[in-house]
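Inside the fold
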Amino acid sequence: MKTPRELKVKPIKNGTVIDHISANKALRVLKILGLPSPKISVTLAMNVQSSQMGSKDIVKIEGRELASREVDEIALIAPHATINIIRNYEIVGKGKVKLLGEIKSILSCSNPNCITNTDEPVTTRFAVLQKEPMVLRCHYCERIMDQAEVETQFRVF
Ligand SMILES: Nc1ncnc2c1ncn2[C@@H]1O[C@H](COP(=O)(O)OP(=O)(O)OP(=O)(O)O)[C@@H](O)[C@H]1O
Ligand SMILES: [Mg+2]
Ligand SMILES: [Zn+2]
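Residues numbered from 1 in each chain as written. Chains lettered and ligands numbered in written order. Predicted model: local features only at pLDDT ≥ 70, side-chain atom pairs only at ≥ 80, totals over all residues. Heavy atoms only, no water.

Concerning the side chain of aspartate 72
Going by this rule: Put simply, DSSP H or I for four residues or longer makes a helix, DSSP E for two residues or longer makes a strand, and each gets a number counted from the N terminus. A 1.4 Å probe rolled over the protein chains alone gives each residue an accessible area, and that area as a share of the maximum for its type sets the label: buried under 20%, exposed over 50%, partly exposed in between. The charged-residue count follows a simple rule in which Lys and Arg add positive charge and Asp and Glu add negative charge, with His and chain termini not counted at all. Basic side-chain nitrogens of Lys or Arg form a salt bridge, by our definition, when they fall within 4 Å of a carboxyl oxygen of Asp or Glu. Throughout this description, a polar contact denotes any pair of N or O atoms lying within 3.5 Å of each other; where both atoms belong to protein, one of them has to be capable of donating a hydrogen while the other can accept it, and for residues adjacent in sequence the pair is counted only when both atoms sit in side chains. The criterion used for residue contact is that any of the two residues' heavy atoms lie within 4.5 Å.
As for its placement among the helices and strands, aspartate 72 is situated in the loop between α2 (68–71) and β4 (82–87). Notably, aspartate 72 is buried but unbridged: the nearest opposite-charge side chain belongs to lysine 98, and the N-O separation is 4.6 Å. In terms of polar contacts, aspartate 72 uses its side chain to reach the backbone amide nitrogen of lysine 98, at 3.1 Å. Apart from residues no more than four positions distant in its own chain, aspartate 72 is found in contact with Val97, Lys98 and Leu100.

A short note on the sheet that holds strand β1 (residues 15–22)
Heads up, the rule is: Pairs of strands are assigned from DSSP output, requiring at least two bridges between the strands. In this description, a line fitted to the C-alpha atoms serves as the axis of each element, helices being fitted only across the stretch in contact, and the angle between N-to-C directions of two axes falls anywhere from 0 to 180 degrees.
Strand order in the open sheet made by the 5 strands is β2-β3-β1-β4-β5, with antiparallel pairing throughout. With one partner strand each, in any of the chains shown, β2 (42–50) and β5 (90–96) form the two edges of the open sheet. Ignoring which end each strand starts from, the neighbouring axes of this sheet average 20° apart. The pairing of β4 with β5 spans 6 bridges and is antiparallel. Paired with isoleucine 86 across the two strands is isoleucine 91, which belongs to β5.

A few points about the coordination of the zinc ion (ligand 3)
Quick note on the threshold: Only nitrogen, oxygen and sulfur atoms count as donors, using a 2.8 Å cut-off from the metal that widens to 3.2 Å for Na, K and Ca. Water is left out, so coordination shells may look unfilled.
On the protein side, the zinc ion (ligand 3) has Cys109 (SG), Cys114 (SG), Cys138 (SG) and Cys141 (SG) as donor atoms, found 2.3 Å from it. For the zinc ion (ligand 3), all donor residues lie on one chain, and their spacing in sequence is C-x4-C-x23-C-x2-C. Pair check on accessibility: cysteine 109 and cysteine 114 agree, each one buried.

Some thoughts on the sheet that holds strand β8 (residues 135–138)
With antiparallel pairing, the 4 strands of this open sheet are ordered in space as β6-β7-β8-β9. The two strands at the open ends of the sheet, each matched to only one other strand, are β6 (102–104) and β9 (144–146). On average, each strand axis in the sheet is inclined to that of its neighbour by 30°, with strand direction left out of account.

Considering unusual backbone geometry
Here the amide bond leading from leucine 35 into proline 36 is cis, since omega sits at 0°, within 30 degrees of zero. By the secondary structure assignment, proline 36 is in the loop between α1 (26–32) and β2. A cis geometry characterises the amide bond from glutamate 132 onward to proline 133, with omega recorded as -10°. One non-glycine residue, asparagine 47, lies in positive phi territory at about 55°. By relative accessible area, which is 43% here, asparagine 47 ends up partly exposed. In the Ramachandran plot, asparagine 88 falls in the positive-phi region, its phi being about 50° despite a non-glycine side chain.

What to know about the pattern of salt bridges
Close approach of charged atoms lets side chains of opposite charge pair. On inspection of all chains with the given rule, the structure shows 5 salt bridges. Its salt-bridge partner being lysine 56, residue aspartate 19 comes within 2.8 Å of it at the nearest N-O pair. With aspartate 19 in strand β1 and lysine 56 in strand β3 (residues 54–62), this residue pair connects regions lying 37 residues apart in the sequence. Of the two residues, aspartate 19 and lysine 56, neither departs from the other in class, the shared state being buried. A salt bridge links arginine 28 to glutamate 151; the nearest nitrogen and oxygen atoms lie 3.7 Å apart. Of this pair, arginine 28 sits in helix α1 while glutamate 151 sits in helix α3 (residues 147–152), and the two are 123 residues apart along the sequence. Exposure remark for glutamate 151: the relative accessible area of 31% places this residue in the partly exposed category. Because the salt bridges share partners, they merge into one network encompassing Glu102, Lys104 and Arg125.

Okay, here's the thing in structure tokens:
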């Protein structure tokens with residue numbers, strides 16, 4: 001008997017489905033989005049089979065349409081993520097996250113003497129010098145961080 005093609009997450013009426021998240025990164029994606037939060041219902045699928053990626057995570061957010069600006073930082077940890085906007089059970093918009101020229105707030109600087117690591121209320125800012133593999137430069141102290149270092153500097157998880 002053939003296995004029926006199933007939705008990996010139950011259908012939602014309105015909201016956002018973030019598909020093609022790198023396997024095991026869904027929790028970090030939620031943190032970047034400030035979720036979970038009390039009134040928004042979220043469903044996760046982790047390590048599910050994907051023909052394109054081998055395995056992937058999916059996040060389904062009910063009742064909230066994410067604007068592309070709020071999701072682009074997801075590209076730091078899930079560069080292939082797809083954003084699907086759902087209205088009345090139908091996909092009305094589909095887009096890819098993209099890494100912009102500047103990363104704000106979600107990373108710490110690896111230089112302990114950087115002003116962003118003191119008591120000063122300064123939000124971190126990094127210029128993206130190279131995307132793959134990633135190379136970032138701190139706007140304040142000019143510290144260069146490579147991909148491996150970036151992985152260790154997330155403020156969440
Ligand atoms: N109403 C819905 N509620 C919840 N999830 C949905 C809904 N409609 C689609 N999805 C999910 O959104 C994602 C994209 O759906 P789509 O039908 O575009 O699949 P696809 O053709 O494989 O797209 P892609 O080419 O982006 O992989 C899938 O993970 C699908 O399960
Ligand atoms: Mg697909
Ligand atoms: Zn710095």
